[in-house]
Amino acid sequence: MRPGYRAIVTVLSAAGLVVAGCSGGSGKGPASQSSAPPASDSSPAAQNGAPKVQNPLPAKVLAGSPCDTSLSADDVKEFIGASDPAKPDDDPSLGTSCTWHNAAGNGASLSVGYQTKIKGGLGAAYSNVKPDAVRWVEPGPIQGYPLVGYLAAKSNGLEKSECQLVVGISDDLTYAVGIFLSDSAKRKNIDPCTAGRDVADRVLTRIKQRA
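Structural notes, computed from the coordinates. (Residues numbered from 1 in each chain as written. Predicted model: local features only at pLDDT ≥ 70, side-chain atom pairs only at ≥ 80, totals over all residues. Heavy atoms only, no water.)

1. Details of unusual backbone geometry
Phi at Gln-143 takes a positive value of approximately 50°, unusual for a residue other than glycine. For Gln-143, a relative accessible area of 34% translates into the label partly exposed. In this structure, Asn-189 is a non-glycine residue whose phi angle is positive, near 60°. Tracing the backbone through its elements, the reader meets Asn-189 in the loop between helix H5 (183-187) and helix H6 (192-208). Residue Asn-189 is classed as exposed on the basis of its relative accessible area, which comes to 64%. (Buried < 20%, exposed > 50% of the residue type's maximum accessible area, 1.4 Å probe, protein only. Helix = DSSP H or I, 4+ residues; strand = E, 2+ residues; numbered from the N terminus.)

2. Describing the pairing of strand S4 (residues 96-101)
Where strand S3 (residues 87-88) meets S4, two bridges bridge the pair, whose relative direction is antiparallel. Counterpart to Pro-88 in the pairing with S4 is Cys-98. Where S4 lies against strand S5 (residues 109-115), six bridges are found, and the strand directions are antiparallel. If you follow Trp-100 over to S5, its bridge partner there is Leu-110. (Pairing = 2+ DSSP bridges.)

3. Points about the state of the cysteines
In a disulfide, the sulfur atoms of two cysteines are held together by a covalent bond. Taken as a whole and judged by the stated rule, the model has two disulfides. At a sulfur-sulfur separation of 2.0 Å, the disulfide partner of Cys-67 is Cys-98. Handedness of the Cys-67-Cys-98 disulfide follows from its S-S torsion of about 105°: it is right-handed. Here Cys-67 is found in helix H2 (residues 66-69), whereas its partner Cys-98 is found in strand S4, with 31 residues between them in sequence. Note on accessibility: Cys-67 and Cys-98 belong to one class, buried. Across the disulfide, Cys-163 is cross-linked to Cys-193 (sulfur-sulfur distance 2.0 Å). With the S-S bond torsion at 90°, the cross-link from Cys-163 to Cys-193 turns out right-handed. (Disulfide = S-S within 2.5 Å.)

4. A closer look at H6
With 17 residues, H6 ought to run about 24 Å at 1.5 Å a step, and its terminal C-alpha atoms sit 24 Å apart, in line with that. When you tally the buried positions in H6, you get 12 out of 17 residues, the bulk of the element. Where H6 is concerned, the buried positions are Pro-192, Cys-193, Thr-194, Ala-195, Gly-196, Arg-197, Asp-198, Val-199, Ala-200, Val-203, Leu-204 and Ile-207. Where H6 starts, the residue carrying a side-chain oxygen 2.9 Å from the main-chain nitrogen of Cys-193 turns out to be Asp-191. (Expected span 1.5 Å × (residues − 1). Polar contact = N/O pair within 3.5 Å; in protein donor to acceptor, adjacent residues only side chain to side chain.)

Okay, structure coming up:
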């Protein structure tokens, strides 16, 4: 497990939630997207202030490794350019995870984690992460499923480079996306949480096909 991911695991696993850490993003795919719509306050709360998932997906959509099921090779290339081979980054207390790094070393990478070992769904992020987060955003649902984006308290000044996102697919299950922007994307002042939202949306499209 790479150092950056281990740091996030250390901080958040103790609180009961972890998002797959990464170094990802680029001036491609996510960079061209517009800002996310504002969150809706019409959904009833599930727990701890998190919106309730109206159309839950079955647990089987998060079976297996994200390296094989979350993003296609073309998806990864669109988001971060040509990448090194996918690297499994699993933790038995959290679930399965996968990380991709830009092969040219431009600073871009992304990760996807299936949080099958952590219970409480998106409510766990609201109770365990939100109070101490350096940044916390609620950018509105993707395909009807709620999500949040944030940087944990120990962000090492990465507010303009990195974002972690968690998507609730049921009131008890989530998947996570982490993104770290490329050097060129950072120079263009691209919002990493907006870029990460686009990745999370692509992952959701693929895993819904397994329902």
